[in-house]
Amino acid sequence: MSSRQNQSEVSRRDFLRVGSLSFVGLSMAERAAMAATQRDRSHKNCIFIMMTGGASQLETFDPKPEAPSEIRGPLKAISTTVPGVFLSEAFPQLAQRTGQFSLVRSLYHDAAPIHETGHQLLMTGRLSRGALNYPCFGSVIARQWGPRGDAPPFVVLPRQVTSLGVNTYRGQQATFLGEEFEPATAVGESTSAEFEIEITGESKAIQQQYGKHRFGQLLLQARQLVERGTRCVVVNLFDDLHQQLTWDCHGTGAGTSGKVYEYRDSLGPAFDKALSTLLDDLSTRGLLDDTLVMATGEFGRTPQVNAHGGRDHWPHVWSALVAGGGTPGGQVIGASDARASAPVERPVHASELTATVYHHLGLNPGSCLARSEQDEIRLVDAVPIGELISG
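Since the structure is predicted, the reported quantities are computational estimates derived from the model, not experimental observations. (Residues numbered from 1 in each chain as written. Predicted model: local features only at pLDDT ≥ 70, side-chain atom pairs only at ≥ 80, totals over all residues. Heavy atoms only, no water.)

(A) Representation of the overall build of the protein within the structure. Counting its regular elements, the protein contains ten helices and 17 strands. Across the 391 residues that make up the protein, the buried fraction comes to 59%. Excluding contacts between residues fewer than 6 apart, the proportion of contacts in the protein whose partners are at least 24 apart in sequence is 71%. Looking at the protein as shown, the accessible area adds up to about 14,900 Å², and 49% of this sits on carbon and sulfur atoms. (Helix = DSSP H or I, 4+ residues; strand = E, 2+ residues; numbered from the N terminus. Buried < 20%, exposed > 50% of the residue type's maximum accessible area, 1.4 Å probe, protein only. Contact = heavy atoms within 4.5 Å. Areas by Shrake-Rupley, 256 points an atom, 1.4 Å probe, with all protein chains shown as cover.)

Have a look at this one:
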């Protein structure tokens, strides 16, 4: 575990409370208590929204209105319903809902600044080691809990990420758990079961609220899946970074020509509308308390705008939005420095988000997953983010 990660330990009582994949060292009474707890936890859900490409912290959740223009960028900061907390002007609807979610402004990792490392850490809690690729948290949950009725336990929308730049594992597969626990997808792949989702079954009013664009359709599909019984939904806002405008705003180069002002003019409004509606919709349907919603990219962007009007890869600090699942709203966890270049308060390693997902879904992140009869692997070498855990 990185020295900058939260060093607190999950107590034995917590171990029993959140469940485990391994019964090693437990008495029969403890096993029975854990099984009862697992039954109580089986109704929990998670929607993990990947802002694929690495969304800029400065143009989303951590604007710096007092910074010089070359740091601040072209977007303005706007006030929110929480005094002293600002968001990018790209998110006016979310700014009216800050009491419903927490912001984590001190995410980081120390691995190579490529898309794939961030995806591995967020989706599995670990970096691949040689030929060993770790399973996605959704596949682990599918193995542990199984399906509810006829709904697939784990779905990736619209499909697993494909072309990110480096030909290596991207963290969204079952790996050694086996094909049985691969995610279903809305658009079929050879390695995944197809799962058709009919947005047309929704009213025109709700479709309009989400927005008739990619982000709106994907988040509406995610709500449908959770309502039907799916336990984990990973939403790839983009599954390919090439030949389209994405959060990967270098300002130049094939497929990465987006400039930061396009967060305000294109990406931001669609995301703002879709995510705000998702939170409202889950709440109205009585699903938000049981559904953990996370939205983040795989890293942040450079503090200084480059010569092409974009920002480049920066894993040293970025931000996440966390709502639902009984998490407190209206709080900011951690802080970046005045340039949004490094954490200066409560650093949060990317794997702590993964650990928080496991905790919410009823698994102890420190429990062991059997890769073979001779080999057990801890789910995550990190603990859940304490500020997000209630009770």
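Now that the structure has been shown, we can carry on.
(B) Structural detail: the packing of aromatic side chains. This model, assessed by the stated rule, comprises eight aromatic pairs. Ring geometry for Phe61 against Phe91: centres 5.6 Å apart, planes inclined by 35°, an arrangement best described as tilted. A residue pair is termed long-range when its members are at least 10 positions apart, and Phe61 in the loop between strand E1 (45–50) and helix H3 (69–72) and Phe91 in the loop between strand E3 (86–88) and helix H4 (92–95) qualify at 30 residues. Relative accessible area serves as the criterion here: at 1%, Phe61 is assigned to the buried category. Aromatic side chains Trp247 and Phe271 sit 5.7 Å apart centroid to centroid with 85° between the ring planes, which places their arrangement in the edge-to-face category. In this pair, Trp247 is assigned in the loop between strand E7 (232–236) and helix H9 (261–284) and Phe271 in helix H9, connecting sequence segments 24 residues apart. (Phe/Tyr/Trp six-rings, centres within 6.5 Å; stacked < 30°, edge-to-face > 60°.)

(C) Representation of helix H10 (residues 350–360). The buried fraction of H10 amounts to eleven of the eleven residues, a majority that puts the element mostly inside the structure. Buried residues of H10: Ala350, Ser351, Glu352, Leu353, Thr354, Ala355, Thr356, Val357, Tyr358, His359 and His360, and no others. Immediately downstream of H10, the backbone of Gly362 shows phi near 90°, a positive value.

(D) Representation of helix H6 (residues 137–145) in the model. Most of H6 is tucked away: seven of the nine residues are buried. By the burial criterion, the buried members of H6 are Phe137, Gly138, Ser139, Val140, Ile141, Ala142 and Trp145.

(E) Summary view of the pairing of strand E8 (residues 291–296). With six of six residues buried, E8 lies mostly within the body of the structure. Of the two faces of E8, the one lined by Thr291, Val293 and Ala295 and the one lined by Leu292, Met294 and Thr296 are each fully buried. The pairing of E8 with strand E11 (residues 318–324) spans five bridges and is antiparallel. Residue pairing across strands places Val293 opposite Ala323, the latter belonging to E11. (Pairing = 2+ DSSP bridges.)

(F) Summary view of the pattern of salt bridges. Throughout the structure, instances matching the rule amount to 19 salt bridges. Put simply, Arg126 and Asp381 hold a salt bridge, and the shortest N to O gap is 3.3 Å. One end of the pair, Arg126, is in the loop between helix H5 (115–124) and H6; the other, Asp381, is in the segment after strand E17 (375–378), with 255 residues separating them in the sequence. Here Arg126 falls in the buried class, since its relative accessible area comes to 14%. Within the structure, one salt-bridge network assembled from shared partners comprises Glu202, Arg223, Glu227, Asp281 and Arg285. (Salt bridge = Lys/Arg side-chain N within 4 Å of Asp/Glu carboxyl O.)

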